[in-house]
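One-letter residues, chain by chain:
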Amino acid sequence: MALVTMTIAAEQRGAVPAERTAAKKWARLARPALGLVLPVTLAVVWEFVVRMGWASGRLAPPPSVIFQEFVDLARSGDLQRNTLVTLGRVAAGFGCGVAVATIVGAAAGYSPVIRRLLDPSLQALRAIPSIAWVPLFVLWLGIFEASKITLIAVGVFFPVYLGVMGAIQSVDRKLVEVGRAFRLSDVQMVRRILLPAVLPAYVIALRSGLGLGWMFVAAAELLGASEGLGYLLLDGQELGKPAEIVAAIVAFAVVGKATDWLIALAAAPFLRWEDVVRQE
Amino acid sequence: MLVLDRVSKTYPNGVHALGGVSVEVDPGEIVAVIGGSGCGKSTLLRAISGLDPASEGTVLLDGERISAPHQKIGIIFQEPRLLPWLKVAGNVGFGLGDRPKQERAARVATTLKRVGLADKAAMWPRELSGGQAQRVAIARALVPRPEVLLLDEPFSALDAFTRTDLQDHLLDLWADAKPTLILVTHDVDEAIVLADRVMVMCPRPGRIFDEIAVDLPRPRDRQSAAFDFVKRRVLAALDRSLSRAVAPADGEAKASAGAALWW
C-alpha cells in the first residue's frame, strides 16, 4: 500500500510543476522518467521479497496481488459501479459548488459593496475545517446523498470563489479601457475582455476546487456509505483486505487525475496564448 | 473640424487639472501638445477621446458633441495595450467587430501590410518586440478609419532608434487618409518632426500657454538649422511656461517638472 501511495504522490508532484514551469526541454523529458525510478524499483523489490517468501505480504500486498484484486473487482463489476457512484457524487457536488462560487465570486470581485458585505463572513467560514460540518449536514440533510454532495460542494466552493474574485479584481484596467475606447457594450465587454482575461485563473481555481472535491468525497464516503470507492476502502478495512484498499486508492488516483486532465484539456484551446509565455 | 470650447476638468478629489482650454483643429492637421508633468496634457487628450469627459465646456467634432468614446475618434496609448489572448490579426481587427468577416479580414490584411507586419498576423502579442507591438496598436487604431487620431506619448517607452523610425512611419501612414492627429508628448524633437502646430501647456490648472506654428516642409531634417530654430522657440516657451506657472505649492514639484522636460 505504501508503495502505491508513493507512486501516486510522485506522479502528482511531478506532473503539476512540469506543466506550469516547463523549464528546459531535456528537463521535461528526463524529469518524469527520473521520478519513476524510485517507485518502480520499490515495487519490483517488494514483489521479489514476497515471492521469495521473505515476507508474507499480508498487510502490504505486492503489486501482482493488487493487480489481481483490480481485475477481480472489475470482473465482478464492483469497481465500475462504485467508481460511477463516486464520480456522480463528485460531479454533483462540484457542479453545485462551482455554480454558486462563480456567481458569488464574480459579484464580490465586481462590486466592492458586495465584497465588503460577503467576504468577511465567507473568510470566517473558510477557516472551519470542512469535515467539521459533517455532523450538522447529517442532522439537517440525513445520511444519504444530500449531505455528501453538500460537503463536497462546500469544499469546492472556497478555492473557486477566491479564484474568481481575485481574477476579476486583477483584470488589467488598461485593457478594459481599450474596450471602452472601441465602444463595447456591457455584454461585449464581458465576452471580449473580461472572460478571456479571467479564464486562466478560473481554470486553476476549477482544478484546485476539483482536487478538494475528490478529497471530500473520500471523507464523506468513509464516514458512512453503502457504495462508492470510499465504501471499498471501508469494506477493505473491515474485512482485512489491504489489496482492496489499495485498489480503491489507485482507482481514486486514476479517476481524479483523469477528471483534472479533462478540465485542462477542455481549457487548453482557449489558453494557447498563455502557453507562449510558458515556453519562453 | 475639432473644436474645444473652454474645456475644464476637475476631478472628484478636487484637483483642477484643466482650466478652460479652447482650440480649433482643422481636418488633417497635426497638433502636438507639450508641457511639464502635471500640466494636464493627458487629461486634455482623454477629454477629447470621451474616455474621461470634461467637467465643463464642450468638445465638438464636426458639430457633434463628444461625451463618450466615438467611432470617428481613435486613440493610441503609451503602451500598446494589445489583448494577449488575440493574435496580431485579431488585435488589429478588434475595432471592426460589427463588420462582416470577409471585409474585416481584408481590411486587417491591408493595414498590417501598411505597417509592415503582414508576416506577423498569426503571432501572439507576446512574441513581438516593443516597436512591433506599438505598430500593431497603431494599425488597430487606424483600421476603423478614424477622422481624429489621439496619441498619448505613443513612443516614449521605445528606444531612441525605434522611436525615430516610428515617427517617420506614422507620418507615412498619416499621408494615406490624413486624419487629424493630436499628439501628447514630452519630447520636443518629436513634436517638431511631426506637428504643424505645437501647443505648450502650463500647469495648475492646465491651460494653453503658447502656440508655435511649425512651417517646415516634410520630411523634416532633425539636424537642419530651421529645425533647430523652431526647437529653440519651443524650448523657450516651455521655460517661460514653467516660471510663469502659478507658484507651485512646494518647490520640489517644480524641480521635478523641470527635470521631466530636460531629460
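Residues numbered from 1 in each chain as written. Chains lettered and ligands numbered in written order. Predicted model: local features only at pLDDT ≥ 70, side-chain atom pairs only at ≥ 80, totals over all residues. Heavy atoms only, no water.

Enquirer: I'd like a description of the overall build of chain A, backed by residues and values.
Expert: Within chain A one finds 12 helices and zero strands. Ordered by position from N to C terminus, the α and β elements of chain A give α-α-α-α-α-α-α-α-α-α-α-α. Among the 280 residues that make up chain A, the fraction classed as buried is 41%. Across chain A, the fraction of contacts at a sequence separation of at least 24, relative to all contacts at a separation of at least 6, is 69%. If you sum the accessible surface of chain A, you get close to 15,600 Å²; carbon and sulfur atoms cover 70% of it. (Helix = DSSP H or I, 4+ residues; strand = E, 2+ residues; numbered from the N terminus. Buried < 20%, exposed > 50% of the residue type's maximum accessible area, 1.4 Å probe, protein only. Contact = heavy atoms within 4.5 Å. Areas by Shrake-Rupley, 256 points an atom, 1.4 Å probe, with all protein chains shown as cover.)

Enquirer: Can you lay out the side chain of Glu-153 of chain B for me, pointing to particular residues and giving the numbers?
Expert: By secondary structure assignment, the location of Glu-153 of chain B is in the loop between β7 (148–152) and α5 (160–177). Here Glu-153 of chain B occupies a buried position and makes no salt bridge, while the nearest side chain of opposite charge, Lys-41 of chain B, is found at 4.1 Å. (Lys, Arg positive; Asp, Glu negative; His and termini not counted. Salt bridge = Lys/Arg side-chain N within 4 Å of Asp/Glu carboxyl O.)

Enquirer: How would you summarise the nonpolar core if you had to cite specific residues and measurements?
Expert: Of all hydrophobic cores here, the largest spans 86 residues; its most connected members are Leu-2 and Leu-4 of chain B. Among the elements that make up this core, the one with the highest residue count is helix α9 (residues 186–222) of chain A (12 residues). Setting aside its immediate chain neighbours within four residues, Leu-4 of chain B contacts Val-21, Ser-22, Val-23, Leu-44, Ile-48, Thr-58 and Val-59 of chain B. (Core = buried A, V, L, I, M, F, W, Y, C linked by side-chain atoms within 4.5 Å.)

Enquirer: I'd like a rundown of the sheet that holds strand β6 (residues 73–76) of chain B, residues and numbers included.
Expert: All names here are of chain B. Pairing in this open sheet of six strands is mixed, and the strands run β6-β7-β8-β3-β9-β10 from one edge to the other. Two strands in the sheet have a free side with no partner beyond their single neighbour: β6 and β10 (207–213). Between one strand axis and the next, the sheet turns through 20 degrees on average, direction left out of account. Inspection of the sheet shows strand β3 (residues 30–35) paired to strand β9 (residues 197–202) by five bridges, in the parallel sense. Its bridge partner being in β9, Val-33 is matched across the sheet by Met-199. (Pairing = 2+ DSSP bridges. Axes fitted to C-alpha atoms, helices over the stretch in contact; angles between N-to-C directions.)

Enquirer: An account of the pairing of strand β1 (residues 2–10) of chain B is needed here, citing residue identities and associated values.
Expert: A regular strand places its side chains on the two faces of the sheet in alternate fashion. All names here are of chain B. Sheet analysis places β1 next to strand β2 (residues 16–25), joined by seven bridges and oriented antiparallel. Bridge pairing in β2 links Val-7 to Val-21. If you look at the hairpin formed by β1 and β2, you'll find five residues sitting between the two strands, and Gly-14 has a positive phi there, around 95 degrees. Here β1 runs beside strand β4 (residues 56–61); their pairing, made up of five bridges, is antiparallel. By the bridge assignment for β4, Leu-2 is matched with Leu-61.

Enquirer: Requested: an account of the packing of helix α7 (residues 145–169) of chain A against α9 of chain A, with residues and values cited.
Expert: All names here are of chain A. As a packed pair, α7 and α9 sit with axes 8 Å apart at the nearest point and diverge in direction by 160 degrees. Compared by their axis directions, α7 and α9 come out roughly antiparallel. Considering only the axes of α7 and α9, their crossing is right-handed. (Parallel < 35°, antiparallel > 145°, perpendicular 65-115°, else oblique. Left-handed = near helix turned anticlockwise from the far one by under 90°.)

Enquirer: So what's going on with the layout of surface pockets? Which residues, and what values?
Expert: All names here are of chain A. As a volume, the second largest pocket reaches approximately 710 Å³. In this structure, the second largest pocket is lined by 21 residues; those nearest its centre are Tyr-110, Ile-168, Val-171, Val-176 and Leu-194. Broken down by secondary-structure element, the contributors of at least two residues to the lining of the second largest pocket are α4 (78–110), α7, α8 (173–181) and α9. When residues of the lining of the second largest pocket are assigned to their parent elements, the largest contribution, eight residues, is made by α9. When the residues that make up the lining of the second largest pocket are grouped by side-chain class, the tally is 14 nonpolar, three polar and four charged. (1 Å grid on protein atoms, 1.4 Å probe; cavity = no way out; pocket = protein on both sides within 12 Å on 5 of 7 lines; lining within 4 Å. Points joined across faces, edges and corners; volume = space filled by probe spheres on them. Nonpolar A, V, L, I, M, F, W, Y, C, P; charged D, E, K, R; others polar.)

Enquirer: Describe the packing of aromatic side chains, listing the residues and the values that go with them.
Expert: Tallied over the entire structure, the rule returns seven aromatic pairs over all chains. Summarising the aromatic geometry, the rings of Phe-48 of chain A and Trp-54 of chain A are spaced 5.7 Å apart at their centres and angled 85 degrees between planes, so their arrangement reads as edge-to-face. For Phe-48 of chain A, a relative accessible area of 46% gives the class partly exposed. Both rings, one in Phe-157 of chain A and one in Tyr-161 of chain A, keep their centres 5.4 Å apart while their planes meet at 10 degrees; by these two values the pair is stacked. Residue Phe-157 of chain A and its partner Tyr-161 of chain A are both found in helix α7; the two are separated by four residues, about one turn of the helix. The class for Phe-157 of chain A is buried, based on a relative accessible area of 10%. A cation over an aromatic ring shows up here: Arg-81 of chain B above the ring of Phe-77 of chain B, its NZ or CZ 3.8 Å from the ring centre. Over the aromatic face of Trp-174 of chain B sits the side chain of Lys-178 of chain B, whose NZ or CZ is 5.4 Å from the ring centroid. (Phe/Tyr/Trp six-rings, centres within 6.5 Å; stacked < 30°, edge-to-face > 60°. Lys NZ or Arg CZ within 6 Å of the ring centre and 35° of its normal.)

Enquirer: Pulling in residues and values, what's your account of the side chain of Glu-244 of chain A?
Expert: Residue and element names in this part refer to chain A. By the secondary structure assignment, Glu-244 is in helix α11 (residues 242–267). The exposure class of Glu-244 is buried, given its relative accessible area of 2%. Among the polar contacts made by the side chain of Glu-244, one reaches the side chain of Lys-241 at a distance of 2.8 Å. (Polar contact = N/O pair within 3.5 Å; in protein donor to acceptor, adjacent residues only side chain to side chain.)

Enquirer: Can you lay out the sheet that holds β1 of chain B for me, pointing to particular residues and giving the numbers?
Expert: All names here are of chain B. Taken together, four strands build an open sheet; the order of strands is β2-β1-β4-β5 and the sheet is antiparallel. In the strand order of this sheet, the two ends are held by β2 and β5 (64–65), each with one partner. As defined by bridge partners, β4 adjoins β5 across two bridges and the pair is classed as antiparallel. Of the residues in β5, the one forming a bridge with Leu-60 is Arg-65.

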